[in-house]
Amino acid sequence: MTNQEALKRYRERRAEMAGGPEKAKAQGAKGKLTARARIELLVDPGSFIEQQPYIAGRATDFGLDQKRFPGDGVVTGTGKVGGRQVFLFSQDFTVLGGSLGEMHAERIAEVQSLALKNGAPFIQINDSGGARIQEGTLSLNGYAKIFRANTLSSGVIPQFSVILGPCAGGAVYSPAITDFILMVDGVSNMYITGPDVIRAVTGEQISHEDLGGAQAHCERSGNAHFRFGGEAEALSFLRRLLSYLPSNNLEQPPLAAGADPADRETPELEELLPEDPKKPYDVRDFITALCDRDSFLEVQAGWAPNVVVGFARLAGRTVGLFANQPKSFAAALDINSSDKAARFLRFCDCFNVPILSLVDVPGFLPGVAQEHGGIIRHGAKVLYAIAEATVPKIALIIRKAYGGAFIAMSSKALGYDRVLALPTAEIAVMGAEGAANVIFRKDIAAAADPQGLRAEKIQQFSESFMNPFVAAGYGYVDDVIEPRFARIELIRSLEMNLRKREDRPAKKHGNIPL
Ligand code: HXC
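Reference entry: report on the structure contained in this document. (Residues numbered from 1 in each chain as written. Predicted model: local features only at pLDDT ≥ 70, side-chain atom pairs only at ≥ 80, totals over all residues. Heavy atoms only, no water.)

What to know about the environment of Gln91
If you trace the backbone, Gln91 turns up in strand β3 (residues 84–91). Accessibility expressed as a relative area gives 3% for Gln91, which makes it buried. Each C-alpha atom of the pair Gln91 and Ser128 lies 6.5 Å from the other, and the pair is 37 residues apart in sequence. The contact partners of Gln91, leaving out residues within four places of it in the chain, are Ala35, Arg38, Gly73, Val74, Gly98, Leu100, His104, Ile108, Ile125, Asn126, Asp127 and Ser128. Among the polar contacts made by the side chain of Gln91, one reaches the side chain of His104 at a distance of 3.0 Å. (Helix = DSSP H or I, 4+ residues; strand = E, 2+ residues; numbered from the N terminus. Buried < 20%, exposed > 50% of the residue type's maximum accessible area, 1.4 Å probe, protein only. Contact = heavy atoms within 4.5 Å. Polar contact = N/O pair within 3.5 Å; in protein donor to acceptor, adjacent residues only side chain to side chain.)

Thoughts on the site of the ligand
Near the ligand, the surroundings consist of 20 residues, among which Lys23, Lys30, Gly97, Gly129 and Ala131 are the closest. Backbone polar atom of Gly97 to an oxygen atom of the ligand: 3.0 Å apart, as the coordinates give it. Between the ligand and Ile133, the relevant distance is 3.1 Å, taken from a nitrogen atom to a main-chain nitrogen or oxygen of the residue. Considering every element that reaches the shell around the ligand, the biggest residue donor is helix α5 (residues 137–153), with 3 residues. (Near = heavy atom within 4 Å.)

Things to note about the pattern of salt bridges
Here the idea is simple: oppositely charged side chains can pair when their charged atoms come close. Enumeration over the complete set of coordinates arrives at 33 salt bridges. For Glu495, the salt bridge is made with Arg317, and the minimal N-O distance between the two is 3.7 Å. Taken as a pair, Glu495 in helix α21 (residues 486–496) and Arg317 in strand β12 (residues 317–324) lie far apart in primary sequence, 178 residues in all. Judged by relative accessible area, which is 26%, Arg317 ranks as partly exposed. As a salt-bridge pair, Lys381 and Asp339 come within 2.9 Å of each other at their nearest N and O atoms. Residue Lys381 is found in helix α15 (residues 375–388), and its partner Asp339 is found in helix α13 (residues 335–350); the two are separated by 42 residues along the sequence. It is possible to trace a salt-bridge network through shared partners that takes in Lys32, Arg38, Asp127 and Glu231. (Salt bridge = Lys/Arg side-chain N within 4 Å of Asp/Glu carboxyl O.)

These figures capture arrangement, not role.
Structure below.
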């Protein structure tokens, strides 16, 4: 073969990659982009380098010897996002439904390994019919490799899953091990068993979308973190999310330029807090006022809304917000909000993101369903996550900080580095009504005017304890500050703790209550 012939053959091979124009058309007809188009939308123009494009399946059973495709149904490689290296794969549904066979898995494992060695974020774009049925245990072995690599990478490099097609069976567990899952309405599906199996086993009837679509996982199960109307929107959002995060656990998050002035005052906070303590407000308004303009990026906005978590910036530095939301369940912490907060807090600690908690919480949610659902175990996750975290931890108590929730959200003894309180803060074991009922129960029962005495005791308790000064007197609150200076004080608190170093006893790993 002449050199020219070799070159011609090479060019033909490159051109024939993927499942062909018909399959690509079918992909488009479902409103889905191709694997490569998705990569182009994600990475900086011209930065993608493909890895092992000629890998092909080796299995021969059930006619697979007649269906060999270069790349084996997945595109893998590296590119840059905002100038920073990332490694990725994008499954190609046009090839055998993006199903995962032995070599498809090998290709993925190769980029997982490169991402880990290079300390670069890993992004997986899932669009697959799951285990390639014809390859049997070869594909199960491949999944096992991927799960293991996801697990070993956890806490070392950030990992993201963008679900842009079906993701069924055990295949969902790779995304579930990664840090963040993005889903698109009408395109993404995740489930262990699909509607047909469910109908056969339990008799329940449900559509693919209702069972495992973006809404189901972003609002009901809490399995996914971000929901979008379209693929391009999801991929563009991922670029933004990456800008808040370091490439690996040994780096600091990038400093953003052009931030809000660090000395901006926040007089609007005085208006945001209603006079009536029972009246709800949206804690996002506090976040918006306190953090750099337009910097708040909420995580899991649609699930467990009684806590608000997400990334924002303070004077250009990434912080992880952990805020109570009085608009939902009076901000009480329940099972789901504890899980949501604990997982987010642990991510922040893995990747050197300081934690900022905004506190207005009456406690953990009472109720039989909560108790029997394991609120003890789930609530313990938040305590564990805060206590084990070594990143700077700052708390601002806005209003209520009662009981165990005070400890989880703002206790220096648990490990917060600086605790600030607004003059409206109420720090106590419980609210004044509950406290008066417990401490003075016998006196109230024996009184000639029980209601009058109860009101008097509530008033007495409120005046004595429902303020920040008792706690500040013990040193549990470092300072009581004016709302107008809250942003300035938070930035100063963050800056004074940036060089924080805290060791933990050597151990294999802790045993967080799961
Ligand atoms: C091999 C597969 C496949 C699979 C789809 N295809 N899934 N080939 N193994 N798992 C092929 C189809 O045969 C078809 O090939 C092409 O991909 C496109 O599939 P369609 O069915 O035409 O597409 P669509 O109508 O969009 O339906 C997509 C789908 C459906 C919902 C994903 O294909 C489906 O239900 N597939 C099976 C899903 C499944 O049961 N997977 C195993 C899960 S168990 P042709 O040549 O006709 O175009 C699992 C265990 C993992 O994954 C365990 C890990 C621990």
